[in-house]
Amino acid sequence: MSEKIFEIFEKKIEELKEKLLYRSIRDAEALENMKITINGKVYINFASNDYLGLSKHPLVIEAAKNALELFGVGSCASRLLSGGTILHRKVEELLCEFKDVEASLILNSGYTANISLIPALADEGDIILSDELNHASIIDGCRLSKAKKFIYKHGDTEEIEKILKKISCKGKKLIVTDTVFSMDGDIAPLYELYELCKNYEALLYIDDAHGTGVLGDGYGALKHFGLKPDSFVIQMGTFSKAVGAFGAFVGGSKTLINWFVNTARALIFSTALPTSVIAAAYVSLKIIRENKNLTKKLWENTEKVRETIRKLELQTTKSQTPIVPILFESIQKTQKASEILSSFGIYAPVIRPPTVKIPRIRLSISAAHKNEEIERLSEALIHLSQQLHQV
Ligand SMILES: *Cc1c(COP(=O)(O)O)cnc(C)c1O
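Residues numbered from 1 in each chain as written. Predicted model: local features only at pLDDT ≥ 70, side-chain atom pairs only at ≥ 80, totals over all residues. Heavy atoms only, no water.

Strand order in the open sheet made by the four strands is β1-β2-β3-β12, with mixed pairing throughout. Edge positions in the sheet fall to β1 (30-32) and β12 (346-347), since each has one partner strand and no second. When strand β2 (residues 35-38) meets strand β3 (residues 41-45), the two strands line up antiparallel, connected through four bridges. Note that in β3 the partner of Thr37 across the bridge is Val42. (Pairing = 2+ DSSP bridges. Helix = DSSP H or I, 4+ residues; strand = E, 2+ residues; numbered from the N terminus.)

Written out as structure tokens, the structure is:
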């Protein structure tokens with residue numbers, strides 16, 4: 001009996017391999033600045049979301065070390081019991097200032113934030129409108145909610161308005177969107193979404209995982225658009241990308257944050273983040289606020305890479321951020337391209353379906369990339385483009 005069950009899984013795994021959809025984990029032996037060592041080979045890492053290099057910042061590391069000494073390794077209880085410390089509260093206070101909100105709450109990861117906050121906001125009798133390219137954690141959050149769901153075409157605010165006009169909903173209406181779409185690097189039409197929510201009395205939930213620390217002088221997507229966070233806006237973000245630490249947060253009105261404390265299952269039923277991680281996030285946020293050279297360097301590096309992609313006429317998306325995808329016709333070609341880059345010491349793995357429709361190499365640019373590392377990438381891309389034309 002049990003052997004038969006395993007045969008089913010084995011067969012499915014074989015199918016994945018045949019379709020080149022099989023994934024495997026590659027762990028690093030060392031990480032030093034933007035260098036990554038895998039199987040004894042050192043590469044320049046273009047697959048990290050450490051946009052500002054803060055995960056290696058000496059002050060951030062020192063803060064984590066100090067908190068480790070003071071509070072220990074694990075927090076050993078949920079926030080509602082004894083898992084939180086004064087530093088958790090200090091980060092939430094800083095976030096209020098950072099995101100210009102009344103209240104905020106730390107959650108354990110972006111994934112668990114989305115799968116618990118979305119169902120807490122919209123339930124039976126409510127409706128959720130969600131962009132077709134939203135992050136998997138948003139999709140899963142929508143699935144966990146009993147609300148009626150409408151998936152709109154990517155960034156299509158006309159379709160949203162049509163839906164809002166057509167449906168009669170006595171309950172709440174919620175529009176959910178990534179601010180920066182994680183696989184294409186483009187930015188959601190937040191201005192229009194904001195206006196729509198205002199006009200149709202809907203809530204706007206934005207996932208600023210790739211916007212925080214990157215857009216709007218580091219403050220995030222709302223600042224980028226010059227939008228004031230009104231009480232109908234719920235801002236979710238993470239410490240796992242530009243902040244260089246780990247964890248997530250949500251900011252909004254006091255009422256909603258109190259509601260989340262009482263209903264977000266990932267907060268209630270999960271152990272709080274260790275204070276060392278929180279201390280790191282605290283110092284990182286302060287650095288983002290005070291050191292504008294980091295974001296400046298990030299955009300300079302990004303512009304250089306985009307310029308190379310443009311010159312070489314490589315296929316890309318409408319990215320407006322440091323996420324720079326290169327698109328290919330097949331997984332095979334993408335794999336070949338990744339190997340070519342790898343032979344130049346560039347680490348840029350393949351992103352394949354079902355994560356994306358069109359297979360790609362997704363370059364993540366960081367302020368911590370040195371000029372010579374960006375130049376090395378350009379050389380590799382020139383070589384890649386020549387090889388592509390020969391095929
Ligand atoms: C990375 C990401 C998440 C998940 O965040 P984690 O902290 O890594 O769990 C959620 N939403 C978006 C848009 C992301 O890019």
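Further notes follow.
Once that is clear, we can look at the nonpolar core. Counting residues in hydrophobic clusters, the biggest one holds 88 residues, and the most contacted among them are Leu52, Leu129, Leu174, Ile175, Tyr205, Phe239 and Phe260. Per element, the largest residue contribution to this core is nine residues, and it comes from helix α11 (residues 275-290). Inspection of this core shows a minimum of three residues originating in each of domain 1 (24-51 + 292-390) and domain 2 (56-290). Apart from residues lying up to four places away in sequence, Leu52 is in contact with Gly213, Ala242, Ile288, Leu294, Thr295, Leu298, Ser366 and Ala367. (Core = buried A, V, L, I, M, F, W, Y, C linked by side-chain atoms within 4.5 Å. Buried < 20%, exposed > 50% of the residue type's maximum accessible area, 1.4 Å probe, protein only. Domains from an automatic or database assignment. Contact = heavy atoms within 4.5 Å.)

Before going further, it helps to spend a moment on the domain arrangement of the protein. For the protein, the assigned domains read domain 1 (24-51 + 292-390) and domain 2 (56-290). In this assembly, 23 residues from domain 1 lie in contact with 23 residues from domain 2. Across the domain 1/domain 2 interface, buried area totals approximately 1,800 Å², and carbon plus sulfur atoms make up 57% of it. At the surface where domain 1 touches domain 2, the tally comes to one salt bridge. Linking Arg360 and Asp184 is a salt bridge whose minimum nitrogen-to-oxygen distance equals 2.6 Å. (Buried area = accessible area lost by both parts, 1.4 Å probe. Salt bridge = Lys/Arg side-chain N within 4 Å of Asp/Glu carboxyl O.)

Moving on, we come to the packing of aromatic side chains. Taken as a whole and assessed by the stated rule, the structure comprises four aromatic pairs. An angle of 50° between the planes, with centres 4.9 Å apart, marks the rings of Phe98 and Tyr219 as tilted. Here Phe98 is found in helix α3 (residues 86-99), whereas its partner Tyr219 is found in the loop between β8 (203-207) and α8 (221-225), with 121 residues between them in sequence. Here Phe98 matches Tyr219 in class, with each residue buried. Ring geometry for Tyr194 versus Phe232: centroids 5.0 Å apart, planes at 55°, classification tilted. With Tyr194 in helix α7 (residues 190-199) and Phe232 in the loop between α8 and β9 (233-238), the pair connects residues that are 38 residues apart, well separated along the chain. For Phe232, a relative accessible area of 12% corresponds to the buried category. Over the aromatic face of Tyr22 sits the side chain of Lys17, whose NZ or CZ is 4.7 Å from the ring centroid. (Phe/Tyr/Trp six-rings, centres within 6.5 Å; stacked < 30°, edge-to-face > 60°. Lys NZ or Arg CZ within 6 Å of the ring centre and 35° of its normal.)

This paragraph deals with the environment of Tyr194. On the accessibility criterion, Tyr194 (6% relative accessible area) is buried. In sequence terms Tyr194 and Leu59 are 135 residues apart; their C-alpha atoms lie 37 Å from each other. If sequence neighbours within four positions are ignored, Tyr194 has contacts with Leu204, Leu227, Lys228, Asp230, Phe232 and Val233.

A few words on the site of the ligand. Neighbouring the ligand are 14 residues; Gly110, Asp207, His210, Ser240 and Lys241 lie closest to it. Gly110 is positioned such that a nitrogen or oxygen atom in its backbone is 2.8 Å from an oxygen atom of the ligand. For the ligand, the accessible surface in isolation is 380 Å², of which the surrounding protein chains cover 86%. Element by element, the count of residues in the shell around the ligand is highest for helix α4 (residues 110-121), at three residues. Among the residues forming the shell around the ligand, the class breakdown is two nonpolar, nine polar and three charged. (Near = heavy atom within 4 Å. Polar contact = N/O pair within 3.5 Å; in protein donor to acceptor, adjacent residues only side chain to side chain. Areas by Shrake-Rupley, 256 points an atom, 1.4 Å probe, with all protein chains shown as cover. Nonpolar A, V, L, I, M, F, W, Y, C, P; charged D, E, K, R; others polar.)

In this structure, Asp126 sits in the loop between α4 and β5 (127-131). Here the side chain of Asp126 touches Lys172 through a polar contact of 2.6 Å, side chain to side chain.

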